[in-house]
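Chain by chain, the residues run as shown.
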Amino acid sequence: MSNLITIRDLTKSYVRGKQKVEVLHGLTLDIPKGDFVALMGPSGSGKTTLLNLIGGLDQPSSGEISIDGKRIDKFSSGELAKWRAHNVGFVFQFYNLMPVLTAQGNVELPLLLTNLSAAKRKQNVAIALDVVGLADRSHHKPRELSGGQEQRVAIARAIVSDPTLLVCDEPTGDLDRKTADEILTLLQTLNRKHGKTIVMVTHDPRAAEYANRTLHLDKGQLAEQAAH
Amino acid sequence: MTKTGFVIANLFRKKTRTFLTLLSVIMAFLLFGLLQAVNVMFNSGADFVGATRLVTQARVSFTQPLPSRLLPEIEAVPGVARVGWMQWFGGVLGENDQIVAFAVDPLRHHDIYPEWVMPDAQWKAFAETRTGAVVGRVLADKYKFKIGDKLPMKSNIFPQKNGSKDWQFDIVGIVDGKDEQWQRNSSQVFINFAYFDEANQFGSGRAGIYFLKLTDAGLAKQVADTIDKKFENSPDETKTQTEKDWNIGFAKQFGDIGLMVRWILFAVFFTLLLVVGNTMAQSVRERVPELAVLKTLGFSDGSVLGFVLAEAVAMCAIGGLMGLGIATLLGLAIQKAIGAQLPLSVDGQVWIWGLLAIAVLSLAVGLFPALRAQRLKIVDALAGR
């Protein structure tokens, strides 16, 4: 299987106050198309930083990141925004839905960046909400939904523009066990049935078991790799 | 959902706060509309008169009447086509309804002011009836005056020779303005100067203020200088200016209305700037993570700036248009209640200034929060840094 994500000698450092903190040190990694990878590691190991770089939310200090053959480390901020809109779906721990919009409005938001007609947008939103099992809650606002339902809306928003890659930052970190399992099963389905490549940061070993393999990060470097 | 729908939804996310802020914008623009209308009203008298007429008044004050004996000397000045005069009568109708009334020479007045339109027969009747009076259309409609009616009018300045300030005239004409603006100002009474001059207790020979029609508007300065020079160092020194300047000067006896209006509006808009600016800044501060999510989803920095700026524009436009709309309706209501003596009209000019103010205010209150939103770094904003 060809690689969707190719990372070479990736370094990322931040300046915090007067101190320069290097979070990732010369990291090299390949993730094939259609893979479901869990990133684990202690706090401060660089998991979220790596996820942000893969998702094009941040730029590396040095090294290369290629996604589907495109060197996103070379992109400008505007190019990255455009790239994210078409290629990546994001799922956050705290859902990060727009409280003023209904589930339907939240899912439709990324489609406002496309040239799709209102009718086509509505159709795509309906499909995405159906995939996550929330077709009947489309007119509810986030405060009228449970945590699990909110996360399903967030997943629908992530997949509505049909991206190749889903990046998930602790997607079950705010959910009870049962709901977490439902969300992880949904992610697994998206990976297996719809061919989405998923990179997921988690602290939870049980969540990591839903992935095809787990990568362990420690002090900004890959420590070990385990297949499930 | 559309981008506009998203902006409106965000604008009303905290309804009480938004409604209170909108209320302050509405009040500010209501005040703006009415005050600008007052300003326009005090200047409009000057705007619609022509520059082809000059006014010669006593140098000290227009309240000091110039004598009639100056007439031949003024008429002799090259460039002067026709000379008329007006004496302020200080008219009061009914109990204490102050009105604008002038004693004029009928035929000269007709020649100098073609803007006042009336059938020739009525001008003739005015000239031939000693106690004749001509009433403006607006005033005639208000008091239901018609030709042939008696017009009892007090003067709060001039008593008759018998000591009574109660005068009586015969209405011989109803005068219209040549266009809408002149018609709106047709709320005065003209009485026959010959009768007034003879019957008033203070004596005859007081022309008041002279109005000059010129052969050529280009001669205005030259004629004005010649007249004032002619009477320099005499007991009747004159001040001659265009009718437009004279009207502006007349309005300014109430004070510099324009300056007062500007200062009041400055205070109002400065306060508004703080109120709306604070609301916008607070609104952006509260949803930094949401703005970061928008960027995460692929909205560019410019789009996010646009969303925030659009909210400021929507807030100012909704409030501003409502305020100006209410001011327009109030202006009409005031005009209807008081009559054309107070032509308070929130007209096109006021709306243009209002729309300009909305645009400037939107930018002033929206630009800084919008720039802040534009510059947000996604990873920092999502991490709450």
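Before any of the text, the structure's been laid out above.
What counts, and at which threshold
Residues numbered from 1 in each chain as written. Chains lettered and ligands numbered in written order. Predicted model: local features only at pLDDT ≥ 70, side-chain atom pairs only at ≥ 80, totals over all residues. Heavy atoms only, no water. Helix = DSSP H or I, 4+ residues; strand = E, 2+ residues; numbered from the N terminus. Buried < 20%, exposed > 50% of the residue type's maximum accessible area, 1.4 Å probe, protein only. Contact = heavy atoms within 4.5 Å. Expected span 1.5 Å × (residues − 1). Polar contact = N/O pair within 3.5 Å; in protein donor to acceptor, adjacent residues only side chain to side chain. Pairing = 2+ DSSP bridges. Axes fitted to C-alpha atoms, helices over the stretch in contact; angles between N-to-C directions. Patch = residues over 30% accessible without salt bridge, like charges linked within 9 Å, V, L, I, M, F, W, Y side chains within 5 Å. Areas by Shrake-Rupley, 256 points an atom, 1.4 Å probe, with all protein chains shown as cover. Salt bridge = Lys/Arg side-chain N within 4 Å of Asp/Glu carboxyl O. Core = buried A, V, L, I, M, F, W, Y, C linked by side-chain atoms within 4.5 Å. Buried area = accessible area lost by both parts, 1.4 Å probe. Nonpolar A, V, L, I, M, F, W, Y, C, P; charged D, E, K, R; others polar.

A. Inspection of the overall build of chain B at higher detail. For chain B, the helix and strand inventory stands at 15 helices and 13 strands. Per-residue burial for chain B yields a buried fraction of 49% across its 385 residues. Excluding contacts between residues fewer than 6 apart, the proportion of contacts in chain B whose partners are at least 24 apart in sequence is 80%.

B. Spotlight on helix H6 (residues 177–192) of chain A. All names here are of chain A. In a regular helix each residue adds 1.5 Å, so 16 residues correspond to 22 Å; H6 covers 22 Å between its end C-alpha atoms and thus fits that length. All buried positions along H6 are accounted for by Thr 179, Ala 180, Asp 181, Ile 183, Leu 184, Leu 186, Leu 187, Gln 188, Leu 190 and Asn 191. In this structure, the buried side of H6 is in contact with strand S3 (36–40), helix H4 (118–131), helix H5 (147–159), strand S7 (165–169), strand S8 (197–201) and helix H7 (205–208). At the N-terminal boundary of H6, the capping side chain belongs to Asp 176, with an oxygen 3.1 Å from the backbone nitrogen of Lys 178.

C. Molecular detail of the sheet that holds strand S1 (residues 3–16) of chain A. Residues and elements named next belong to chain A. Sheet architecture is open: four strands sit in the order S2-S1-S4-S5, paired in antiparallel fashion. Two strands lie at the open edges of the sheet, namely strand S2 (19–32) and strand S5 (70–71), each paired on one side alone. Strand direction decides the pairing type here: S1 and strand S4 (residues 62–67), joined by five bridges, are antiparallel. If you follow Ile 7 over to S4, its bridge partner there is Ile 65. Helix H1 (residues 47–54) contacts S1, S2 and S4 of the sheet and is inclined by roughly 120° relative to S1.

D. Expanded view of a nonpolar patch on the surface. On the surface, Leu 259, Trp 263, Phe 266, Phe 270, Leu 273 and Leu 274 of chain B cluster together into a nonpolar patch covering about 630 Å² of accessible area. With respect to the helices and strands, the residue Trp 263 of chain B is situated in helix H11 (residues 257–286).

E. Broad picture of the nonpolar core. Within the largest apolar cluster, 80 residues are counted, with the highest numbers of intra-cluster contacts made by Leu 50 of chain A together with Phe 29 of chain B. With ten residues, the single largest contributor to this core is helix H13 (residues 301–338) of chain B. Discounting chain neighbours no more than four positions away, the residues touching Phe 29 of chain B are Phe 269, Leu 272, Gly 319, Gly 320, Gly 323, Leu 324, Gly 354, Ala 357, Ile 358 and Leu 361 of chain B. Counting 42 residues, the second-largest nonpolar core is a separate cluster that includes Leu 54, Ile 191, Tyr 210 and Ile 227 of chain B.

F. Structural view of the pairing of strand S11 (residues 188–192) of chain B. Residues and elements named next belong to chain B. For S11, the tally of buried residues reaches five of five residues, placing the bulk of the element in the interior. Burial along S11 is two-sided: Gln 188, Phe 190 and Asn 192 and Val 189 and Ile 191, pointing in opposite directions, are all buried. With five bridges connecting them, strand S6 (residues 100–104) and S11 associate as parallel partners. What sits directly across from Phe 102, in S11, is Phe 190. Across three bridges, the pairing between strand S8 (residues 132–136) and S11 is antiparallel. Across the sheet, residue Val 135 finds its bridge partner in S11, namely Val 189.

G. Looking closely at the interface of chain B and chain A. Taken together, the contact between chain B and chain A spans 23 residues of the former and 23 residues of the latter. Between chain B and chain A, a total of about 2,100 Å² is buried, with carbon and sulfur atoms accounting for 70% of that surface. When the area that chain B buries against chain A is broken down by residue, the three leading residues are Met 1, Leu 297 and Val 379 of chain B, summing to 32%. Inspection of the chain B/chain A interface yields zero salt bridges. Taken together, the links from chain B to chain A amount to four residue pairs in polar contact (both at pLDDT 80 or more). Elements with a contribution of two residues or more to the side of chain B that touches chain A: helix H1 (3–11), helix H12 (288–297) and helix H15 (378–382) of chain B. Among the elements that take part in the side of chain B that touches chain A, H12 of chain B stands out by supplying six residues, more than any other. Residues of the side of chain B that touches chain A, tallied by class, amount to ten nonpolar, five polar and eight charged.

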